[in-house]
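Notes for the structure review
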Amino acid sequence: MDLFDYMKEVNEKDSAPLASRLRPDSLDMVVGQEHILGKDKFLYRAIKADKLSSIIFFGPPGCGKTTIAKVIANTTKSNFKQINATTAGKKEMEEAISEAKISISMYKKKTILFIDEIHRFNKSQQDYLLPFVEDGTIILIGATTENPFFEVNKALISRSRVLELKPLSYNDIESILNKAIKDKERGMGKYELDISEEAIEFISKNADGDARNALNALELAILTTDISADGKIHIDINIISECIQKKVLKYDKDGNGHYDTVSAFIKSMRGSDPDATMYYLAKMLYAGEDIKFIARRIVICAAEDVGLADANALCVATNAFLAVERVGMPEARIILAEAANYIAGAPKSNASYLAINSALKFVKENVDYEVPKHIRNANYEGERDIGIGVGYKYAHDYQNHYVKQQYLPDEIKDTVFLNLTDMGFEKNIKEYLEKIKKES
């Protein structure tokens, strides 16, 4: 490399976006994705041992797909070739394969071919790669934001290991931002910065798990803010909100705004007001609230405030919780909305909530009464001789599958814990119990 080439490379590096400059060079510098990059996990071991097989990464933007590929490029002894499916044509693919063939035939050196946005290749382009993956000419690393099981050739999928990358957590983003602020060589450490913790938290919460988005906002804030009289660049939450294009809400996940909004959300569902429920749900989602936290509140409300008036409410809420875990944002907002609206629109009863609280209080404040002998379990020979299990009536042998029988201990046999209401299906349960008792 001559002096002019060297200076060109330096200038290009200095002018590159912060997200590009800060990209890790080694495994130990990668933040997040511990489920595949933990020291005992498959990918960490494969990269360290330089024993990679074909892999397809899929996950949302900014979660580290290209970053991990670059780390592989820096650590592997194989040739590393990168192409982007959005711009590469047949010629680039043929050149990459030709170079790989020469490398393996003349130097016994494998080639790792990294294809970014692999889902952009059409079927014939993907088919072209197949024989070379199959015979080991190339080790394919594909990256995609789309579900590869729908967008990538099934034959390629069957010859690759598919690894899902998750959105980076709030803590991951915060760690990356702090590194960017302090790093004097590749980050923004050469600037005299005064950036508030509130501003860093705001970016971290509102970057949607996308490190590139967070770093771009930070860089824009720094480069477009004038130096103050004290020689420093002061960055507050208002500047950051403009750069990340998200307004500041009175919603601090550790402060009153958080608790007030969550409280209002729950009380709106309990109060059967779907419009207010949607407003507070939207406010939480916009502020970057954990979708699993929201789903848990819906599950609790279904059991506590709807209860037996519509027992299906708990099924809806529980399924919503499972669904948001699997789907993630932004689609999870629809699932949460459906579940919250169902709870808001359902008939209400807190009879089960009151019943268990009453029973727990009773158990805590009273002695431990013995279980009646006839409903105890006779486990050992001779127990029936002393009345254990004797006289028990099997409900299914009687009309309506019910028989009048004492289940509570003698001392509290007439105690009532569950007081059913006339709300929704709970009224049916109440009438049913009254009916079978009357007919027995």
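Analysis parameters
- Residues numbered from 1 in each chain as written.
- Predicted model: local features only at pLDDT ≥ 70, side-chain atom pairs only at ≥ 80, totals over all residues.
- Heavy atoms only, no water.
- Buried < 20%, exposed > 50% of the residue type's maximum accessible area, 1.4 Å probe, protein only.
- Helix = DSSP H or I, 4+ residues; strand = E, 2+ residues; numbered from the N terminus.
- Pairing = 2+ DSSP bridges.
- Right-handed = clockwise from strand over helix to strand, strands pointing away.
- Axes fitted to C-alpha atoms, helices over the stretch in contact; angles between N-to-C directions.
- Parallel < 35°, antiparallel > 145°, perpendicular 65-115°, else oblique.
- Contact = heavy atoms within 4.5 Å.
- Nonpolar A, V, L, I, M, F, W, Y, C, P; charged D, E, K, R; others polar.
- Expected span 1.5 Å × (residues − 1).
- Phe/Tyr/Trp six-rings, centres within 6.5 Å; stacked < 30°, edge-to-face > 60°.
- Lys NZ or Arg CZ within 6 Å of the ring centre and 35° of its normal.
- Polar contact = N/O pair within 3.5 Å; in protein donor to acceptor, adjacent residues only side chain to side chain.
- Salt bridge = Lys/Arg side-chain N within 4 Å of Asp/Glu carboxyl O.

By the criterion of burial, strand 3 (residues 111-116) is predominantly enclosed, with six of the six residues buried. As judged from the six bridges shared by strand 2 (residues 79-84) and strand 3, these two strands associate in the parallel manner. If you follow Phe80 over to strand 3, its bridge partner there is Ile112. Handedness of the crossover joining strand 2 and strand 3 through helix 6 (residues 90-107): right-handed. Of the strand pairs in this sheet, strand 3 and strand 4 (residues 138-144) are connected by six bridges, and their pairing is parallel. Its bridge partner being in strand 4, Phe114 is matched across the sheet by Ile141. Following the chain from strand 3 across helix 7 (residues 123-134) to the adjacent parallel strand 4, one finds a crossover that is right-handed.

The subject of this paragraph is the packing of helix 16 (residues 291-306) against helix 17 (residues 312-327). For any two helices packed against each other, the geometry is given by the interaxial angle and the distance between the axes. Viewed as axis vectors pointing N to C, helix 16 and helix 17 meet at an angle of 170°, and their least axial separation amounts to 8 Å. When the axis of helix 16 is compared with that of helix 17, the two are roughly antiparallel. Within the contact between the two elements, helix 16 uses Ile291, Lys292, Ala295, Arg296, Ile298, Val299, Ala302, Ala303 and Val306 and helix 17 uses Ala313, Leu314, Ala317, Thr318, Phe321, Val324 and Glu325. Class assignment of the residues belonging to the contact of helix 16 with helix 17 gives a composition of twelve nonpolar, one polar and three charged.

Right, let's get into helix 10 (residues 170-182). For helix 10, with 13 residues, the first-to-last C-alpha span of 19 Å sits near the 18 Å given by 1.5 Å per residue. Of all the residues in helix 10, the buried ones are Asp172, Ile173, Ile176, Leu177, Ala180 and Ile181.

Let us look at the environment of Lys190. If you trace the backbone, Lys190 turns up in the loop between helix 10 and strand 6 (193-195). Measuring from C-alpha to C-alpha, the distance between Lys190 and Ile68 comes to 27 Å, with 122 residues separating the pair along the chain.

Once that is clear, we can look at the sheet that holds strand 5 (residues 161-164). One open sheet accounts for five strands, arranged 2-3-4-1-5; its pairing is parallel. Two strands bound the open sheet, and with one partner strand each, they are strand 2 and strand 5. Shown here is a sheet whose adjacent strand axes are inclined to one another by a mean of 15°, direction ignored. The pairing of strand 1 (residues 55-58) with strand 4 spans four bridges and is parallel. Residue Ile56 lies in a different strand from strand 4, and its bridge partner there is Gly142. Lying on the sheet, helix 7 is in contact with strand 3 and strand 4; it crosses strand 4 at an angle near 135°.

With that settled, consider the packing of aromatic side chains. This structure, assessed with the given rule, holds four aromatic pairs. Both rings, one in Tyr279 and one in Tyr280, keep their centres 4.9 Å apart while their planes meet at 70°; by these two values the pair is edge-to-face. You can call Tyr280 partly exposed: its relative accessible area is 24%. Between Phe362 and Phe417, the ring centres sit 5.6 Å apart and the planes meet at 75°, which makes this aromatic pair edge-to-face. Taken together, the positions of Phe362 in helix 19 (residues 351-365) and Phe417 in the loop between helix 19 and helix 20 (424-439) put the pair 55 residues apart, joining distant regions of the chain. Judged by its relative accessible area of 21%, Phe362 falls in the partly exposed class. Directly above the aromatic system of Phe42 lies the positively charged group of Arg161, at a separation of 3.8 Å from the ring centroid.

The next point concerns helix 12 (residues 211-223). Taking 1.5 Å of rise per residue, 13 residues should cover 18 Å, and helix 12 covers 18 Å from first to last C-alpha, within 8% of that figure. Where helix 12 is concerned, the buried positions are Ala211, Ala214, Leu215, Ala217, Leu218, Glu219, Ala221 and Ile222. In this fold, the buried residues of helix 12 make contact with helix 2 (18-21), helix 10, strand 6, helix 11 (197-206), strand 7 (233-235) and helix 13 (237-243). For helix 12, the N-terminal capping position is held by Asp210, with its side-chain oxygen 2.9 Å away from the main-chain nitrogen of Arg212.

For side chains of opposite charge, pairing can occur when their charged atoms come near one another. Applying the stated criterion across every chain, the model contains eleven salt bridges. In this structure, the salt-bridge partner of Arg270 is Glu304, at a minimum N-O distance of 3.7 Å. Residue Arg270 is located in helix 14 (residues 256-270), and its partner Glu304 is located in helix 16; the two are separated by 34 residues in the primary sequence. Among the residues examined, Arg270 registers a relative accessible area of 35% and is labelled partly exposed. Here Arg270 and Asp305 are joined by a salt bridge, their closest N and O atoms 2.8 Å apart. A residue pair is termed long-range when its members are at least 10 positions apart, and Arg270 in helix 14 and Asp305 in helix 16 qualify at 35 residues.

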